[in-house]
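What follows is the residue order along each chain.
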Amino acid sequence: MHKTLEFIYGWCYPLLRKWNLGDTIASYMSLAINIAILCFLAYNIYFIFRFLLVTVMAVVAKKTNTRFDDLLISNKTTKYIAHLIPLLFIYKSVPVILNDFVYWETVFGKLVGIYIILLILWIVRTIFNALRDYLKLKPKYSDKPIDSYIQVIMIILWVIGITMIIYELFGIKAQTLLTTLGAVSAIVILIFRDTILGFVASVQVSLNDMVRIGDWITFDKYGADGDVIEINLATVKVRNFDYTTTTIPTYSLISDSFRNWRGMLNSDGRRIKRHILIRAKSIRFLSPDELQNLKKIQLVSQYIETRQTEIDRYNLSHKIDKTLPINGRNLTNFGLFRKYITSYLENYPSLNKDMILLCRQLQPTAQGIPLEIYTFTKDKKFENYEYIMADIFDHIIASIGYFDLEIFELSTGKEIQN
């Protein structure tokens, strides 16, 4: 192969010498032409091998039952491997075309060698990513910290790769390099502690896709509630919604807990989760006359009719003594009010009916019984979301009186005096 390359790249210099251009000019022109030929050949090799690898892998992926080869394609493993083949060709060609330029042969040889090391690490990373995605599809590994294992392996591989790059650049043996690093590591860690922590955090944040520019995050410890505008080695800048700026140490993103609202913004709705407190003493059974009057409320009229028929049939078949309302089955004003609110939410146009929608009763407290609304709005924009939520609770608070219920409120001094 070496002789073939010498034949390909060696014809140019004698031809230029015949034109009486001088040794130096002929040499540099020959070098430029050879480099152009090398780039042309490398590009064609890349194009051919990329086409072959991608096509073959696609055919194999269709014919096999396993998902692993599909994940290799989705992680672009074959495309990166296709980059490796022309690089190896260039690496073998550099000593031939730069034979008369010793300095540039060394420089370009080292650069191509470093690029090959980095590309191999990237190919290994895509394979591990495909393996991670494949294992996550298996129920057996669904609850295992696969990401952490792969990150540890990749850190080890990156250390090995950086060691090889340093050896390629300076010719230092790996044993000597590791011994030297071990001797100065304590001093380096002491002096550059914050920088190292920031670097580690930046890598973790990037690999795990924890935060992106433009994400809305809430970090109570630092008083941050707004959009991320900058991420660097040491700090993350957040522009709060009051247009102040909060600076958060990058390492805090992996050492402390914060909330990223990206998932909500990418989802189909924004959650409403709010409750009001109902006085326990205002909850009671409903009499037939009261039920007859509540049938005028359109959203529950059909429900009252159907439900009361079922209850009367049950009480009659079991010979329930209804001289006391507590006997048998009955409708309560609180239960009927919950049904009314549920029907109201189901008919409210700005809510996403494909997501959870309910009106539920929570654990009773010393201040009363919480009635919670749990639903999702279609519109996730802050102003519209707040308007929808306020509109719903305006209606809930205004309609409570129709069911003879009371909202808990702390008594004022004048009420206590009266």
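Residues numbered from 1 in each chain as written. Predicted model: local features only at pLDDT ≥ 70, side-chain atom pairs only at ≥ 80, totals over all residues. Heavy atoms only, no water.

## Some points on the overall build of the protein chain
Per the secondary structure count, the protein chain includes 16 helices and eight strands. Out of the 418 residues in the protein chain, the part that is buried amounts to 31%. Look at the contacts in the protein chain between residues 6 or more apart in sequence, and 63% of them connect residues 24 or more apart. Roughly 26600 Å² of accessible area belongs to the protein chain as shown, and the carbon and sulfur atoms make up 61% of that amount. (Helix = DSSP H or I, 4+ residues; strand = E, 2+ residues; numbered from the N terminus. Buried < 20%, exposed > 50% of the residue type's maximum accessible area, 1.4 Å probe, protein only. Contact = heavy atoms within 4.5 Å. Areas by Shrake-Rupley, 256 points an atom, 1.4 Å probe, with all protein chains shown as cover.)

## Topic: the packing of aromatic side chains
Inspection of every chain in the model, using the stated rule, returns eight aromatic pairs. Plain terms: the ring middles of Phe219 and Phe258 are 5.7 Å apart, the flat faces sit at 20 degrees to each other, and that makes the pair stacked. With Phe219 in strand S1 (residues 216–219) and Phe258 in the loop between helix H10 (252–255) and strand S5 (259–260), the pair connects residues that are 39 residues apart, well separated along the chain. The class of Phe219 is buried, set by a relative accessible area of 1%. (Phe/Tyr/Trp six-rings, centres within 6.5 Å; stacked < 30°, edge-to-face > 60°.)

## What about the pairing of strand S2 (residues 224–231)?
As judged from the four bridges shared by S1 and S2, these two strands associate in the antiparallel manner. Bridging from a neighbouring strand, Trp216 pairs with Asp227 of S2. What sits between S1 and S2 in their antiparallel hairpin is a turn of four residues, with Gly223 showing a positive phi close to 70 degrees. As paired elements, S2 and strand S3 (residues 235–240) share five bridges and run antiparallel to each other. Bridge pairing links Gly226 to Asn240 in S3. The turn joining S2 and S3, which pair antiparallel and follow one another in sequence, is formed by three residues. (Pairing = 2+ DSSP bridges.)

## Comments concerning the nonpolar core
By size, the foremost hydrophobic cluster in this structure holds 34 residues, and its most contacted members are Phe337 and Ile392. Per element, the largest residue contribution to this core is seven residues, and it comes from helix H14 (residues 333–346). Those residues in contact with Ile392, other than ones at most four positions away along the chain, are Ile272, Tyr344, Leu345, Tyr348 and Leu351. In terms of nonpolar packing, the next biggest core, distinct from the first, is built from 11 residues, Val211, Ala224, Leu253 and Phe258 among them. (Core = buried A, V, L, I, M, F, W, Y, C linked by side-chain atoms within 4.5 Å.)

## Examining the sheet that holds S5
A sheet is described by the order of its strands in space; here five strands give the open sequence S4-S3-S2-S1-S5, paired in antiparallel fashion. The open sheet has two free edges, formed respectively by strand S4 (245–249) and S5, since each of these has just one partner strand.

## Thoughts on helix H15 (residues 382–399)
Given a rise of 1.5 Å per residue, 18 residues ought to cover 26 Å, and the 26 Å separating the end C-alpha atoms of H15 matches this to within 8%. Turning to H15, its buried residues are Tyr385, Ile388, Met389, Ile392, Phe393, Ile396 and Ser399. All buried residues of H15 lie within an arc of 130 degrees about the axis, which places them on one face of the element. Projecting away from the buried face of H15 at angles above 90 degrees are the exposed residues Tyr387, Asp394 and Ala398. In the core, the buried residues of H15 are packed alongside strand S6 (270–278), H14 and strand S8 (369–377). (Expected span 1.5 Å × (residues − 1). Arc of directions from axis to C-beta.)

## Digging into the packing of helix H13 (residues 298–317) against H14
For any two helices packed against each other, one specifies the crossing angle of their axes together with the interaxial distance. Orientation of H13 relative to H14, taken along the N-to-C sense of each, is 125 degrees, at an axis distance of 9 Å. As far as their axial angle goes, H14 and H13 are oblique. In terms of crossing hand, the pair formed by H13 and H14 is right-handed. Between H13 and H14, the residues in contact are Leu299, Val300, Tyr303 and Ile304 and Leu336, Lys339, Tyr340, Ser343 and Tyr344, respectively. In terms of residue class, the contact of H13 with H14 is made up of seven nonpolar, one polar and one charged. (Axes fitted to C-alpha atoms, helices over the stretch in contact; angles between N-to-C directions. Parallel < 35°, antiparallel > 145°, perpendicular 65-115°, else oblique. Left-handed = near helix turned anticlockwise from the far one by under 90°. Nonpolar A, V, L, I, M, F, W, Y, C, P; charged D, E, K, R; others polar.)

## Regarding the pattern of salt bridges
Evaluation of the coordinates by the stated rule reveals 11 salt bridges. Note that Lys221 is salt-bridged to Asp256, the shortest N-O span being 3.1 Å. In this pair, Lys221 is assigned in the loop between S1 and S2 and Asp256 in the loop between H10 and S5, connecting sequence segments 35 residues apart. Looking at Lys221, the relative accessible area reads 58%, which means it is exposed. The network of salt bridges with shared partners includes Lys273, Arg360 and Glu372. (Salt bridge = Lys/Arg side-chain N within 4 Å of Asp/Glu carboxyl O.)

## What to know about the confidence of the model for the protein chain
Per-residue pLDDT for the protein chain has a mean of 79; in total, 78% of the residues score no lower than 70. Across residues 15–23 the pLDDT falls below 50, and counting only partners more than four positions away or on other chains, this stretch makes 10 contacts in the model. (pLDDT = per-residue confidence, 0-100.)

## Focus on unusual backbone geometry
With a phi close to 65 degrees, Tyr243 is a non-glycine residue in the positive phi region. Relative to the elements of secondary structure, Tyr243 occurs in the loop between S3 and S4. Judged by relative accessible area, which is 71%, Tyr243 ranks as exposed. Backbone geometry places Lys319, a non-glycine residue, at a positive phi of 50 degrees. Tracing the backbone through its elements, the reader meets Lys319 in the loop between H13 and H14.

## Overview of the environment of Lys322
Along the polypeptide, Lys322 turns up in the loop between H13 and H14. Those residues in contact with Lys322 that sit more than four places away from it in its chain are Asn315, Asn327, Arg329 and Asn330. A distance of 2.8 Å separates a polar atom in the side chain of Lys322 from the backbone oxygen of Asn327. In this structure the side chain of Lys322 is engaged in a polar contact, spanning 2.5 Å, whose partner is the side chain of Asn330. (Polar contact = N/O pair within 3.5 Å; in protein donor to acceptor, adjacent residues only side chain to side chain.)

## A closer look at a nonpolar patch on the surface
Together, Phe199, Val200, Val203, Leu207, Leu233, Tyr251 and Ile254 make up a nonpolar patch on the protein surface, roughly 560 Å² of accessible area in all. Among the elements that line the nonpolar patch, the one with the most residues is helix H9 (residues 193–208), at four residues. Structurally, the position occupied by Leu207 is in helix H9. Relative accessible area serves as the criterion here: at 41%, Leu207 is assigned to the partly exposed category. (Patch = residues over 30% accessible without salt bridge, like charges linked within 9 Å, V, L, I, M, F, W, Y side chains within 5 Å.)

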